[in-house]
Amino acid sequence: MKKVFSFVVVALTSCMILNAQQPQKNPESTETWEPVPPIVTPGEGPQAPSDAVVLFNGSNLDQWTNSKGEAATWTLEGGAVTVKPGTGTIQTKQLFGDCQLHIEFREPSVVKGESQGRGNSGIFLQGNYELQVLDCYNNKTYSNGQTGSIYKQHIPLVNACKKPGEWQTYDVVYTAPKFGESGRIVTPAYITVLHNGVLIQNHVAIWGHTEYIGYPAYTKHGKGPLVLQDHGDLVSFRNIWIREL
Ligand code: MG
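Parameters and conventions
Residues numbered from 1 in each chain as written. Predicted model: local features only at pLDDT ≥ 70, side-chain atom pairs only at ≥ 80, totals over all residues. Heavy atoms only, no water. Donors = N, O, S within 2.8 Å, 3.2 Å for Na, K, Ca; no water. Helix = DSSP H or I, 4+ residues; strand = E, 2+ residues; numbered from the N terminus. Salt bridge = Lys/Arg side-chain N within 4 Å of Asp/Glu carboxyl O. Buried < 20%, exposed > 50% of the residue type's maximum accessible area, 1.4 Å probe, protein only. Pairing = 2+ DSSP bridges. Lys, Arg positive; Asp, Glu negative; His and termini not counted. Polar contact = N/O pair within 3.5 Å; in protein donor to acceptor, adjacent residues only side chain to side chain. Contact = heavy atoms within 4.5 Å. 1 Å grid on protein atoms, 1.4 Å probe; cavity = no way out; pocket = protein on both sides within 12 Å on 5 of 7 lines; lining within 4 Å. Points joined across faces, edges and corners; volume = space filled by probe spheres on them. Nonpolar A, V, L, I, M, F, W, Y, C, P; charged D, E, K, R; others polar.

(A) Expanded view of the coordination of the magnesium ion. Coordination sphere of the magnesium ion, protein contribution only: Asn120 (OD1), Ser121 (O), Glu130 (OE), Gln132 (OE1) and Gln229 (OE1), at 2.2 to 2.3 Å. On the primary sequence, the residues serving as donors to the magnesium ion are separated as N-S-x8-E-x1-Q-x96-Q. Placement of the pair is Ser121 in strand S7 (residues 121-125) and Gln132 in strand S8 (residues 129-133), with a sequence separation of eleven residues.

What follows is the structure in structure tokens.
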């Protein structure tokens, strides 16, 4: 019985290999018609794509709270929201996992401080993994903490910073980490980032929570909010949208 089974497996495999090697006679034989991708209308200019969740369009902070779940009180002005130093982080009410994120930020035009003290903020995916926001236009700091770093883990491929006072963009593709039932990490988070249209993080694996002190490690979690950091500097944000993947 075992021999017959092995024979069948070998015969089938040989057939498949031979078939794959056979020249295909018509183009239709390699066409796939299902599934049909859903239609998405791309945004014009600052508009979000039609299937995106708009998290901030300049008019209100309805989609955001502070870290205690109370109304977010950062400063709303001129279609932008600016860190109100001392009030703490703000975060989305909605929780996210895998996503595509678009966010624009502006460093203060009045330049003050140096290294990590100049225009510091941050964008935390799932509330845990910081994509650094910093003014690194003529500002030296440690490379794994500069603009576009995955904080203290991944140095950006290049420094694509614009001048302070100019609007800049991050476009992010993020895959959430996957955990086993015991809480052990099975697949790390992955992140790709374009800064002002320039690739700066190319599908890098995140090592765990982005820590200020000590080494990163994972602890099991589910979907999480998008969090913006109050690091005491007047960094502004606008046009924030996200697509769940
Ligand atoms: Mg930061």
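Don't stop here, the text continues.
(B) Representation of the pattern of salt bridges in the model. One pass over the structure, following the stated rule, counts three salt bridges. The partner of Arg243 in a salt bridge is Asp51, with the nearest N and O atoms 2.8 Å apart. Placement of the pair is Arg243 in strand S15 (residues 236-244) and Asp51 in the loop between helix H1 (2-21) and strand S1 (53-56), with a sequence separation of 192 residues. Judged by relative accessible area, Asp51 falls into the partly exposed class, the value being 36%. A salt bridge links Lys223 to Glu244; the shortest N-O distance between them is 3.5 Å. Placement of Lys223 in the loop between strand S13 (198-205) and strand S14 (227-228) and of Glu244 in strand S15 is noted, with a sequence separation of 21 residues between them.

(C) Up close: the pairing of S13. For strand S12 (residues 190-195) and S13, the ladder comprises five bridges, and the chain directions are antiparallel. Its bridge partner lying in S13, His195 is registered against Val198.

(D) Looking closely at the sheet that holds strand S2 (residues 64-66). Read from one edge to the other, the open sheet built from five strands follows the order S2-S5-S14-S7-S8, with strand pairing classed as antiparallel. In the strand order of this sheet, the two ends are held by S2 and S8, each with one partner. Relative to S14, S7 runs antiparallel, the two sharing two bridges. Looking at the pairing, Phe124 lines up with Val227 of S14.

(E) Highlighting the side chain of Asp230. With respect to the secondary-structure elements, Asp230 resides in the loop between S14 and S15. Buried charge Asp230 goes without a salt bridge, the closest partner of opposite sign being Lys84 at 10 Å. At 2.8 Å, the side chain of Asp230 forms a polar contact with the backbone nitrogen of Gly86. A distance of 2.9 Å separates the side chain of Asp230 from the backbone nitrogen of Gly88, its partner in a polar contact. With sequence-adjacent residues up to four places away left out, Asp230 is seen in contact with Trp74, Val83, Lys84, Pro85, Gly86, Thr87, Gly88 and Thr89.

(F) Quick look at the environment of Arg238. When you line up the elements, Arg238 lands in strand S15. The class for Arg238 is partly exposed, based on a relative accessible area of 29%. Counting along the chain gives 179 residues from Arg238 to Ser59, while the straight-line C-alpha distance between them is 9.9 Å. The contacts of Arg238, once residues within four sequence positions are left out, are Phe56, Gly79, Ala80, Ile103, Glu104 and Trp167.

(G) View of empty space enclosed by the protein. For the structure shown, the criterion picks out one cavity of 30 Å³ or more. If you go around the largest cavity, the residues you meet are Phe96, Gly97, Cys99, Leu125, Gln126, Tyr174, Gly224, Pro225, Leu226 and Ile242. Along the lines of polarity and charge, the residues of the lining of the largest cavity split into seven nonpolar, three polar and no charged.

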